[in-house]
Number of protein chains: 2
Amino acid sequence: MSLQSLPGAVAKKEPVAEMRSAKISESAVRRLSLYLRLLQEADSLGQETISSEELADRAGTTAAQVRKDLSLFGSFGKRGLGYAVSELLQEIREILGLNRSWRVALVGAGKIGSALITYRNFRTRGFHIEAVFDTDPDKVGKRWGTQTILDDTEMGSVLAGKRIEIAVIAVPADAAQGVVDRVVASGVSAILNFAPVRLRVPKGVSLRNVDMVVEMEGLAFALTSTER
Amino acid sequence: MSLQSLPGAVAKKEPVAEMRSAKISESAVRRLSLYLRLLQEADSLGQETISSEELADRAGTTAAQVRKDLSLFGSFGKRGLGYAVSELLQEIREILGLNRSWRVALVGAGKIGSALITYRNFRTRGFHIEAVFDTDPDKVGKRWGTQTILDDTEMGSVLAGKRIEIAVIAVPADAAQGVVDRVVASGVSAILNFAPVRLRVPKGVSLRNVDMVVEMEGLAFALTSTER
DNA sequence: CTATCATTGTGAATGATTTCACAAGGTGTC
DNA sequence: GACACCTTGTGAAATCATTCACAATGATAG
């Protein structure tokens, strides 16, 4: 039986805006993103309701953790029944800011950039790559997916002109900080960094790092420390 | 003035093996990996000593955090002076298990795999990709870097034969769990997963995930929640 | 309509991580 | 050799995150 039709479910939830004052931990946000993916899978299989326990099992966490995470933003479930899949899906999309599209630029047209631009999940989640930059004259002017690679020198004006919000940095480590300074100056306020370097960003700019060497070294540590 | 020559520094440290009993948090290990990179940079510039404060500044953390992280494994510094760069470097390499090479296999010869195999930092850190697998008959047999792409069906025997320790999973989400089950059965006990899916591994197998969509959604959340 | 069952939402308890703060140890100067 | 100065290593305190446990709520069956 469907929960969407029950009047209580929507009326009860707290306004999301009010909840934003509290500080939400990065790990909680990561889990929400994961719940979202799991809910989309459940939804596409036609599942209508899900309990915190089932969601926790699929996410590899505990039912209490799921409920706590969701309670940071409101009350979305029904006691005795669980959560309406499609409704919770929509709530999390709203919480994460995914009910709109985001304007993204890619700086660095190398192998990592190439992997990103062909990654379907990106577009389907609302992240639209609207510009690609590189310094290499052999690459500039070439078509890359739906984009033509632009010269690095045009970066400032294009980012500002297209009002790009998120920059993906996929350049060599020694060039990364310079790129960051320039994209921030052009109004970008969120950065996903693939370069193996610690970047400095001004307050108000969000930064996430993806560092494969750090992950591999974490695995090496785990293997080393369990050895006997 | 160099610290290496002073007798106290080495004699004083606790044996690493003994310290391993305590549980080390994942975030502490991440920071160690970062310190290592920063120390290598300092070392290559000829810097001989570094204080916890300077290392913390470069790593974007606090001096107390640096000292606490290091104290989990021993006493490597000299009061009043700081740490000998090349010595601390070596200690961290030992802690993380990087004084040896690791046998790595790559499963999935797509764009992400391509980015990995050409990534120099990998090899220089001791991670040697010794086999590459794919299911696509058009790819099997092609040369990829120093490796020839092998057919997926050979995976089990090759992994076991080469005693591969770490597998990098770069296949589509719906194929990932099957691959994991097979690599684990072939003796692999650490996995770096790029597929956007939650994998299940038996106890004793280490797993790290790199999930670009999760990172991007984290940025979307940050942008959304700071908006007014 | 009452009893039973399932599952949420949430304070309180526990556990983990980070920060504080300072004694201890070591350098350099006069 | 005494004094002034730095910086580590580390208990204790503070903060942050997770887990527990249960009252509250709603569904369902008879």
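In this report, we go over the structure that sits alongside the text. Note that the structure is a prediction, hence the values are computed from the model and not measured. Along each chain, residues carry numbers from 1 onward, in the same order as the chain's sequence is written. For this description, chains carry letters from A and ligands carry numbers from 1, given in the order in which they are written. Owing to the predicted nature of the model, reporting of local features is limited to residues with pLDDT of at least 70; listing and counting of side-chain atom pairs is limited to 80 or more, with chain, interface and lining totals taken over all residues. The side-chain values count all of the structure's non-hydrogen atoms but skip hydrogen atoms and water molecules.

Below, the discussion takes up the relation of the copies chain A and chain B. Here the copies were fitted onto each other by least squares, based on C-alpha atoms from residues at pLDDT of at least 70 in both. Of the transformation superimposing chain A on chain B, the axial component is 0.0 Å and the angular component is 180°, with the fit at an RMSD of 0.0 Å. The relationship between the two copies is best expressed as a two-fold rotation axis. By residue overlap, the copies meet face to face through one surface: 100% of the interface positions of chain A are interface positions in chain B. Whether two residues touch is decided by their heavy atoms; if any such pair falls within 4.5 Å, the residues are in contact.

Our next topic: the protein's contact with DNA strand C. We call a residue near a molecule or strand as soon as one heavy atom of that residue lies within 4 Å of the molecule or strand. Around DNA strand C, 25 residues are found, and the nearest of them are A:Ser52, A:Arg67, A:Arg79, A:Tyr83 and B:Arg79. Of what DNA strand C places within 4 Å of the protein, 65% of the atoms are sugar or phosphate. Nitrogen and oxygen atoms within 3.5 Å of one another constitute a polar contact, given that in protein one can donate a hydrogen and the other can accept it, and given that sequence-neighbouring residues count only through two side-chain atoms. At a separation of 2.6 Å, a phosphate oxygen of DNA strand C approaches a polar side-chain atom of A:Ser52. A distance of 3.3 Å is found between a base nitrogen of DNA strand C and a backbone nitrogen or oxygen belonging to B:Gly80. Helix and strand labels come from DSSP, where a helix needs a run of H or I of at least four residues and a strand needs a run of E of at least two; each type is numbered from the N terminus. Put simply, the parts of the chain that give the surface near DNA strand C at least two residues each are helix H5 (63–71), strand S2 (77–78) and strand S3 (82–84) of chain A together with helix H5 (63–71) of chain B. Amino acid classes used here: Ala, Val, Leu, Ile, Met, Phe, Trp, Tyr, Cys and Pro are nonpolar; Asp, Glu, Lys and Arg are charged; the rest, including Gly, are polar. Broken down by class, the residue content of the surface near DNA strand C amounts to five nonpolar, 11 polar and nine charged.

So, on to the packing of aromatic side chains. Only Phe, Tyr and Trp rings take part, Trp by its six-membered ring, and two of them pair if their centres are within 6.5 Å. Stacked means planes under 30 degrees apart, edge-to-face means over 60, and tilted covers everything else. Applying the stated criterion to the full structure yields six aromatic pairs over all chains. When the centroid spacing of 5.8 Å and the interplanar angle of 50° are considered together, the rings of A:Tyr119 and A:Phe122 count as tilted. The classification of residues rests on relative accessible area computed with a 1.4 Å probe and restricted to protein chains. Under 20% of the type maximum is buried, over 50% is exposed, and intermediate values are partly exposed. You can call A:Tyr119 buried: its relative accessible area is 15%. Look at A:Phe122 and you get buried, because its relative accessible area is 3%. Between B:Phe122 and B:Phe127 the ring centres are 6.1 Å apart and the planes differ by 55°, which places this aromatic pair in the tilted class. With relative accessibility at 2%, the residue B:Phe127 sits in the buried group. For the cation-ring pair, A:Arg100 lies above A:Trp102, with the distance from its terminal atom to the ring centre recorded as 3.6 Å. For a ring to carry a charge above it, either NZ of a lysine or CZ of an arginine must fall within 6 Å of the ring centroid while also lying within 35 degrees of the normal to the ring plane.

Let us look at the interface of chain A and chain B. Counting residues at the interface gives 62 residues for chain A and 62 residues for chain B. Throughout, the accessible surface (probe 1.4 Å) given up by two parts as they are put together, summed over both, is called the buried area. Taken over both partners, the interface formed by chain A and chain B buries close to 5,500 Å², and the fraction arising from carbon and sulfur atoms is 69%. The three residues of chain A that bury the most area against chain B are A:Met216, A:Glu217 and A:Phe221, which together make up 14% of that side's buried surface. For this analysis, a salt bridge means a side-chain nitrogen from Lys or Arg found within 4 Å of a carboxyl oxygen belonging to Asp or Glu. Here chain A and chain B share eight salt bridges between them. One salt bridge connects B:Arg30 with A:Glu215, and the closest N-O pair in it is separated by 2.7 Å. Per-element tally for the side of chain A that touches chain B: the top contributor is helix H11 (residues 212–226) of chain A, with 14 residues. Taken together, the residues of the side of chain A that touches chain B sort by class into 36 nonpolar, 10 polar and 16 charged.

In the vicinity of DNA strand D there are 23 residues, among which A:Arg79, B:Ser52, B:Arg67, B:Gly80 and B:Tyr83 approach most closely. Within the side chain of A:Gln65, an N or O atom sits 3.4 Å from a sugar or linking oxygen of DNA strand D. Between DNA strand D and the protein, one listed contact pairs a phosphate oxygen with a side-chain N or O atom of B:Tyr83 at 2.8 Å. Taken together, the elements giving at least two residues each to the surface near DNA strand D come down to H5 of chain A together with H5, strand S2 (77–78) and strand S3 (82–84) of chain B. Considering each element in turn, the surface near DNA strand D owes the most residues, four residues, to H5(A). Counted by class, the surface near DNA strand D contains five nonpolar, 10 polar and eight charged residues.

Such coordinate-based values are descriptive only and should not be taken to indicate function.
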